[in-house]
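# Secondary and tertiary structure notes
These are the residues of each chain, in order.
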Amino acid sequence: MNLGHIQSLSEEVINKIAAGEVVERPSSVVKELLENALDANATWIEIQIEEGGKKRIRITDNGNGMGEEDLNLCYLRHTTSKLRSAEDLFHLKTNGFRGEAIASIAAISQMTITSRTENDSEARWIRLSGGNLQESGTNNSRKGTAFLVEDLFFNTPVRRNFLGSDALEGSRVLDTVTRIAIANPQVRIDYKVNGRDIFTGVEGSDLRNRIAEALGAGIARKMVPVDHTEAGIHVTGFVAPADETRGKRNHMFFYLQQRPIWNPVAGKAVVRAYEPYGKQGYPVTVLFLDMPDMDFDVNVHPTKKEVRFVNENGVFLAIHHAVRNALQNEGEYGAPVIHLSDAVPNFAPVGTSNDASSATAYAATGYSFSNDTVQEPRRRFEAPPEPIAQDLFSLPEFGKVIPLTSKTFQTPTKVESFASPQFFHLAKTYLVCEDAEGLLLIDQGAAHQRILYERALKIIENGSGIETQELLFPELIELSKVEASLLQSVLENMDQLGFHLEPFGGGSFQLRGIPRELPLSRAIDAVHELVESLLEEGFDANPAHDIIAKAWAKGNAYQAGDSLSSEEMAQLMAQLIATQDPMTSPYGRPTLMRMPIEDINKRFKR
Ligand code: ADP
Ligand code: MG
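## Section: the overall build of the protein
Across its full length, the protein carries 19 helices and 26 strands. For the protein, long-range pairs separated by at least 24 residues make up 69% of all intrachain contacts whose partners lie at least 6 apart in sequence. Accessible surface for the protein amounts to roughly 29600 Å². Of this, 49% is attributable to carbon and sulfur atoms.

Right under this line is the structure:
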C-alpha cells in the first residue's frame, strides 16, 4: 500500500463527484439540457423520456449547434462558452455559467451528442460512455443539437437505486419542463413520454396561451393578469381568480429575471393575498419578478434554485400588493358579484351577471369576481381526489351508507395467500384487491413509505460506516439557537451516517459531505427533519439513522394522486408483503385494511 502518498483525483472521479451534485435525477438532466438549448437560441425544443428518464432522455433543438471543435470540448469539465469573467457570476444573462453540466451528465451515462451549425455541410456526432469518447461520425441531421442520454447512473448503481418509480421521476421531469416552458412562451416545446405526446407547444406563444398549453385551457382562461411595481420590484404574470385556490403547491411558479426560482416568502405573499376571500390552499400562480441584480443573491450552487432577497419584506409586500390589486381589479371590471357571507367563509352566488342591485350592494365589500365565477360548476383544478369510499359501499335502496369505520375495516394481523390478484386503483390513492379473507384496501403512499424506509435502513445498517460524498459547494443550513444546539449534540452520529457538518457561526452549519446514497436535496431535508424530530421527541425516541431513513422514504414515496399501472400496483403489494412490518408506515399510519368477507355477507343480510 502506498499510504501517505498524495494523489490527485482522476478526471473521472472528479466528474463523478460533480455529477452527484448537478445530476440528482432525470429531471436535473432535463433542466440542464433544456437550458443549454435555450442558450443556443433554439426556437423549437423536443424532449423525450422513457422509463421516467432513467432509461433514455433525448433533447433535440434547432439552435446554433456546435462546430467540430466545440463538440469535442463540450463534455470536458469547465469548458463553457458563456463565462467571461468572475463578474458574470453575479448576473444571470445565460442559464449556464459553470461549464460542468455536460461533463457531469456524461460521467454517469451513455451519451450521444449530434450537432450541426449553419455553416456545416453535415452534422457530427460523438458517443461517450461514462464520459469517455467511444466513437464519432457524421450524418445528415438538421441544424441544431441533439443530446441522447441513456442508462443514467449505470456506473453508480447505488444512486440508481435511490431514484423513485418511473411515475415519480417522470412527474419531476414534467415539473421541470413545465416550469421552463412557462418562462419561454416564444419557444415551441414538445414533450413526449414513452412515445406519447404529453405537451405540445406552439412557437411564438404568449404567456396566457403557454399557461393553457402547460396547465390547461380552463384555468388559463380564468387567470387574472398582474402588473405592479413597488420599491423597485416589478411583478407581472397571472394568478388564479380568488375562488380557484385548489392548485397544488407545485402549481405556484415564480421566476426571477425569467429564471425559475423557489422562495418561501414569495409563496407566502401570494397565499396571504387570498386570505381575505376565506380561501386557503395554493392558487395557481405564474409570477415574474424583476429587480436590480444587487437586490438578490443567487446561491452559487450548481442547481441555482435558491434565491435570497436583500429586502425580503419589500419583496413580500410587492408580491402581496400585486396579487391583491389584481384580484380586486378583476372584481371591478368583471361584473357579477358574489355574496360574501360574514358567517361562512364560502361564496354563494346571488343573481346573475346583470343583477345590478346585488352588484352595488356587495361592491362595498370590495369582493367581487369576474363573469367566470358564477358560471356552471367548473372542473376543479387538480383537486385532491374526493373520498369515494362511501359510494362504493352505499346501499341506495335503503338510503343507508355504511361508513368506512374502523369497525367495518380492520387492520389485518397478517395477509396470506396472496396470489397475483387483480388490482383496482381507487381515487389514485388506494389499491383495492382481494385476499383469502376479504377485501383489501392499501394506501399507496403509506405502503411505499414502508418499503423505502426498510430499504434505506438496510443500506444504512449494512455500512460499517456510511460512505460520504464530499460536496464541492458546501450547503449552508440555518437553524435557530435551540435547533443548532440539538444538532451539535449529535454531530458525531451524523458523521457516522455520512453527514459531515461543521458549525459555521450563529445558528448555522455547513454541510460539507452527505451520504453517497442520498441525493443532495434529500440529505438537506433529512438534516432538517432530524432536527425537527429531535425537538419534538428527543434523541432517544428515534435514533438518527431512523429519522434519516424516514425522511428519505417520505420524500420518495408515491403520493395520493399518483397514477400507478397494474404492474406497479402488483409490485408495490409484493414488496410491501416482503417488509418486516407491512401493516404500518414508518410514521405509524396503517398501510392496509381488510373488510372480512363475513362482514360483507352480514351487510348484505346473507
Ligand atoms: P455551460 O452551459 O455552463 O456553458 P455546459 O456543460 O452545460 O456548460 O455546456 C458546455 C458548452 O457546450 C456550452 O457552453 C455550449 O457552448 C455548448 N452547448 C451545450 N449544449 C448546447 C446546445 N444545445 N447547443 C449548442 N451548444 C451547446
Ligand atoms: Mg449549461
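From this point, the narrative continues.
## Observations regarding the sheet that holds strand β5 (residues 132-139)
If you walk across this open sheet you meet the eight strands as β5-β4-β3-β6-β2-β1-β7-β8, and the pairing is mixed. With partners counted over all chains shown, the strands left at the sheet margins are β5 and β8 (196-200), one partner each. The average angle at which neighbouring strand axes cross in this sheet is 15 degrees, direction not considered. The pairing of strand β1 (residues 44-50) with strand β7 (residues 188-193) spans six bridges and is parallel. Each residue of the ladder has a partner; that of I45, found in β7, is I189. Against the sheet, helix α2 (residues 26-39) touches β1, β2 (56-61) and β6 (144-150), its axis set at about 10 degrees to β2.

## Description of the pairing of strand β25 (residues 508-515)
Among the eight residues that make up β25, seven are buried, leaving the element largely enclosed by the rest of the structure. In the sheet, strand β23 (residues 468-478) pairs with β25 via seven bridges, with the strands oriented antiparallel. Looking across to β25, one finds that I477 is bridged to F509. In terms of strand pairing, strand β24 (residues 500-503) meets β25 through four bridges, oriented antiparallel.

## Some points on the nonpolar core
I47, I113 and I319 are the most contacted members of the largest nonpolar core, which has 87 residues in total. Sort the elements by how many residues they give to this core and helix α10 (residues 312-333) lands first, with eight residues. One finds L452, A456, L520 and A523 within the second-largest nonpolar core, a separate group that totals 34 residues.

## As for the pattern of salt bridges
Charged atoms that come close allow side chains of opposite charge to pair. Under the defined criterion, the tally for this structure stands at 22 salt bridges. Among the ionic pairs, R272 bridges to E275, the shortest N-O distance being 3.9 Å. By relative accessible area, R272 is classed as partly exposed at 38%. For E454, the salt bridge identified is with R450, shortest N-O distance 2.9 Å. Here E454 pairs with R450, and both are found in helix α13 (residues 444-462), just four residues apart, close to one helical turn. Both residues of the pair, E454 and R450, count as buried.

## Quick notes on unusual backbone geometry
One non-glycine residue with positive phi stands out, namely A427, at about 55 degrees. Tracing the sequence through the fold places A427 in the loop between β20 (424-426) and β21 (430-435). Take A427: its relative accessible area is 23%, and that puts it in the partly exposed class. In this structure, K428 is a non-glycine residue whose phi angle is positive, near 45 degrees. Its location among the elements puts K428 in the loop between β20 and β21.

## Comments concerning the confidence of the model for the protein
The share of residues in the protein with pLDDT of 70 or more is 73%, and the mean pLDDT across the chain is 76. In the predicted structure, residues 84-97 sits below a pLDDT of 50 and forms 25 contacts with residues beyond four places in sequence or in another chain. Note that pLDDT drops below 50 for residues 333-409; the model gives that stretch 107 contacts with residues more than four away or on any other chain.

## Concerning the environment of V23
For V23, the position within the fold is in the loop between α1 (11-22) and α2. By relative accessible area, V23 is classed as buried at 1%. Taking the C-alpha atoms as reference, V23 lies 9.6 Å from L520; in sequence the two are 497 residues apart. With residues up to four places along the chain from it excluded, the contact list for V23 reads S28, V29, S104, I105, I108, L152, F153 and R159.

Calculation criteria
Residues numbered from 1 in each chain as written. Chains lettered and ligands numbered in written order. Predicted model: local features only at pLDDT ≥ 70, side-chain atom pairs only at ≥ 80, totals over all residues. Heavy atoms only, no water. Helix = DSSP H or I, 4+ residues; strand = E, 2+ residues; numbered from the N terminus. Contact = heavy atoms within 4.5 Å. Areas by Shrake-Rupley, 256 points an atom, 1.4 Å probe, with all protein chains shown as cover. Pairing = 2+ DSSP bridges. Axes fitted to C-alpha atoms, helices over the stretch in contact; angles between N-to-C directions. Buried < 20%, exposed > 50% of the residue type's maximum accessible area, 1.4 Å probe, protein only. Core = buried A, V, L, I, M, F, W, Y, C linked by side-chain atoms within 4.5 Å. Salt bridge = Lys/Arg side-chain N within 4 Å of Asp/Glu carboxyl O. pLDDT = per-residue confidence, 0-100.

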